[in-house]
Structure formats: C-alpha cells, structure tokens
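What follows is each chain in one-letter form.
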Amino acid sequence: MSLETILDKKFEELDKPDINRPMHINDTDVIGNVRGFLTSIKEKDSDLHAHSVRTAITASELVRYKMEMLERPGVKYQKGTLIAGCLHDLGKIKLGSELLKKDSFTEQDYIEMRKHVEYSWQMVSDIFPFAAEIIITHHLFQEKPYPLELPQPKIDLPMHVRYMARVCGKFLAIADQHDSLLYRVNERTGNKKLSDEEVKKELKEKICNLKEARIRPETIDSFYELGILGTREWS
C-alpha cells in the first residue's frame, strides 16, 4: 500500500459530518486541494513529500490519542492536524533545491530555511485557516524556536480554536522531529540510520526538556508502546 493510499484512507476515516466548518477548514474539496499541494512538494523533492505524508499521519494519530485521553471529541482537530502535517513544509518549494539537499547549514542557510514556515502559512491560510495556525506554531517547540512573532490569522478563529492549534502544533512538532531523526542520514547522525532507541532518546532530550512543551518522558514511551512512534511499514 502506497503512502498516498494510506493518506487517502486516513482522510476517509476522518470524513465526518460537521467538521468542515469555516473556523476549522474553509474548503469544499479538502483532499483535492491537499493532493494538489502535495504534488507540488513531490515535484520539488520526493523525499520531502514522503516525510510530509508520514509526519501528517503520525501527528494526527498523536492528536487522536490526546483527545481520547481527555475524553473529548477530536475528529476536527485530527483532520486539521492531518492537513497541517501534509503541508507543514510546503513553503520549502520556494527555496532552492541545493539548500534542501544540504547535510550541514551555515548561519545564512538557517536564516533562509526558517522562512519556509511563514511561506507555508501564507500559502494555506486562506484555504485551511486552522491548519495554517498549526503550521505556524510547530517550530516553537524546539531549543531555538521560530518564528518569534506570529502573523495575525487572515480568518478570525475563536480563542479555543487557536488554543487547540497550539496543542496540535506541539504534536506536529513531535511527529516532524521523530520522522526527521528516523529517516534522515547525514553527518550529524554519523552517516547512519538511527535506531528506534536512539531516536527516542533524542526526542526526549529535544522535547521533554522544554518547559513550553509540557511532555513527560513517559509520554514519549507511551507513544512508542502504542506503535504511533517508532519504525513502521509504510508501503
């Protein structure tokens, strides 16, 4: 089963009544628009496309687990996170291909790379306002967070929805960092693939030590025990 097929099935699972409200998803053809954006990502970089889809599925499952623990309905938040995960790196299509292929960055490279988050937000905020708010916050949960000044939403969202975007952004951050650690091989990893245990250790160091994240190490362990994090068969 291809990544695209797995993603389609995930959207089908979340295709419930009353979740396409403008405060969450302002669009009548959600899957069609997401597919269009994903095609642009794939044309730019096939590895980036695979990372985006894997991250989206993982992040939505983390949000589902969170909402089940809270005993609150959360389909709309899962779907918003699924969309945000697919498109969180969309802005990278505006960056040079050489930059995306680099294993190590100069300070100027970092400055240029960080622009992708706001580019992504700009490209989707009119269509997917809730997903856009998730995207703009997901790099805040790291040692050097960005962007430090968040843009004003183009479509006004209720306060509780913006709060949930921040919560979903945290789980997107975990999924994003997990996938990057698990699948990227470069100088920083010693040019070898990290094991699940090595990835788990790094995730705990990166996420659990941040006061803003409020994620305990045992929570990361639970995600592995549930099979949400860790090596998976994607095809």
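One can find the structure itself at the top, above this paragraph.
Note that the coordinates shown come from a computational prediction; the quantities given were computed from them, not determined experimentally.

The rules behind each value
Residues numbered from 1 in each chain as written. Predicted model: local features only at pLDDT ≥ 70, side-chain atom pairs only at ≥ 80, totals over all residues. Heavy atoms only, no water. Helix = DSSP H or I, 4+ residues; strand = E, 2+ residues; numbered from the N terminus. Rg over C-alpha atoms; globule rule 2.2 N^0.38 Å. Buried < 20%, exposed > 50% of the residue type's maximum accessible area, 1.4 Å probe, protein only. 1 Å grid on protein atoms, 1.4 Å probe; cavity = no way out; pocket = protein on both sides within 12 Å on 5 of 7 lines; lining within 4 Å. Points joined across faces, edges and corners; volume = space filled by probe spheres on them. Nonpolar A, V, L, I, M, F, W, Y, C, P; charged D, E, K, R; others polar. Contact = heavy atoms within 4.5 Å. Phe/Tyr/Trp six-rings, centres within 6.5 Å; stacked < 30°, edge-to-face > 60°. Lys NZ or Arg CZ within 6 Å of the ring centre and 35° of its normal. Salt bridge = Lys/Arg side-chain N within 4 Å of Asp/Glu carboxyl O.

Visitor: What is the right way to read the overall build of the protein from this model?
Guide: Across its full length, the protein carries 11 helices and zero strands. When the elements of the protein are put in sequence order from the N terminus, they spell out α-α-α-α-α-α-α-α-α-α-α. At 17 Å, the protein has a C-alpha radius of gyration in line with the 18 Å of a compact globule built from 235 residues. The principal-axis extent of the C-alpha atoms belonging to the protein is close to 50 × 40 × 40 Å.

Visitor: Can you walk me through the environment of lysine 211 in this structure?
Guide: Note that lysine 211 resides in the loop between α10 (196-208) and α11 (217-225). A relative accessible area of 73% means that lysine 211 is categorised as exposed. When the C-alpha atoms of lysine 211 and phenylalanine 141 are compared, they prove to be 9.2 Å apart, with 70 residues separating the residues in sequence.

Visitor: I'm lost on the layout of surface pockets in this one. Help?
Guide: A water-sized probe rolled over the atoms picks out the places where empty space is left. If you add up the space inside the second largest pocket, you get close to 560 Å³. Every residue lining the second largest pocket is counted, 22 residues in all, and those nearest its centre are Lys66, Val167, Lys170, Ala213 and Arg214. The set of elements that each furnish at least two residues to the lining of the second largest pocket consists of α3 (46-70), α9 (159-183) and α11. Looking at the lining of the second largest pocket, the element that brings in the most residues is α9, giving six residues. A per-class count over the lining of the second largest pocket returns 11 nonpolar, two polar and nine charged.

Visitor: How should I be thinking about the environment of tyrosine 224 in this particular structure?
Guide: Relative to the elements of secondary structure, tyrosine 224 occurs in helix α11. Taking relative accessible area as the criterion, tyrosine 224 reaches 14% and is therefore assigned buried. Tyrosine 224 sits 54 residues away from lysine 170 along the chain, and the two C-alpha atoms are 17 Å apart. Not counting the four nearest positions on each side in its chain, tyrosine 224 is found in contact with His178, Asp196, Val199, Lys200, Leu203, Leu229 and Gly230.

Visitor: Would you mind going over the environment of arginine 72 with me for this structure?
Guide: Position of arginine 72 relative to the elements: it lies in the loop between α3 and α4 (75-87). When the C-alpha atoms of arginine 72 and glycine 85 are compared, they prove to be 22 Å apart, with 13 residues separating the residues in sequence. Beyond its immediate stretch of four places on either side in the chain, arginine 72 contacts Met67 and Met164.

Visitor: Teacher, can you tell me more about the packing of aromatic side chains here?
Guide: Each pair of aromatic rings is reported with the distance of its centres and the angle of its planes. Following the criterion strictly, the structure yields four aromatic pairs and no others. With 5.3 Å between their ring centres and 85° between their planes, phenylalanine 105 and tyrosine 110 make a pair best called edge-to-face. Classification of phenylalanine 105 as partly exposed rests on a relative accessible area of 27%. A relative accessible area of 38% places tyrosine 110 in the partly exposed class. Judged by centre distance (6.3 Å) and plane angle (70°), the rings of phenylalanine 171 and phenylalanine 223 are edge-to-face. You can see phenylalanine 171 sitting in helix α9 and its partner phenylalanine 223 sitting in helix α11, a full 52 residues away along the chain. The burial state of phenylalanine 171 is the same as that of phenylalanine 223; both residues are buried. Aromatic ring contacts, followed pair by pair, group Tyr65, Phe171 and Phe223 into a single cluster. For the cation-ring pair, arginine 54 lies above tyrosine 183, with the distance from its terminal atom to the ring centre recorded as 3.8 Å. A cation over a ring is seen here: lysine 193 above tyrosine 183, with NZ or CZ 5.7 Å from the ring centre.

Visitor: What am I meant to see in the pattern of salt bridges here?
Guide: Once the charged atoms of two side chains with opposite charge are near each other, the side chains can pair. Taken as a whole, this structure holds 16 salt bridges when the rule is applied. A salt bridge links lysine 115 to glutamate 112; the shortest N-O distance between them is 3.1 Å. On the basis of relative accessibility, which here comes to 34%, the residue lysine 115 falls in the partly exposed class. Lysine 200 is the salt-bridge partner of glutamate 197, the closest N and O atoms lying 3.5 Å from each other. Taken together, the positions of glutamate 197 and lysine 200, both in helix α10 and three residues apart, correspond to about one turn of that helix. You can call glutamate 197 exposed: its relative accessible area is 53%. Look at the salt bridges and you will find they share partners, linking Lys10, Glu13, Glu61 and Arg232 into a network.

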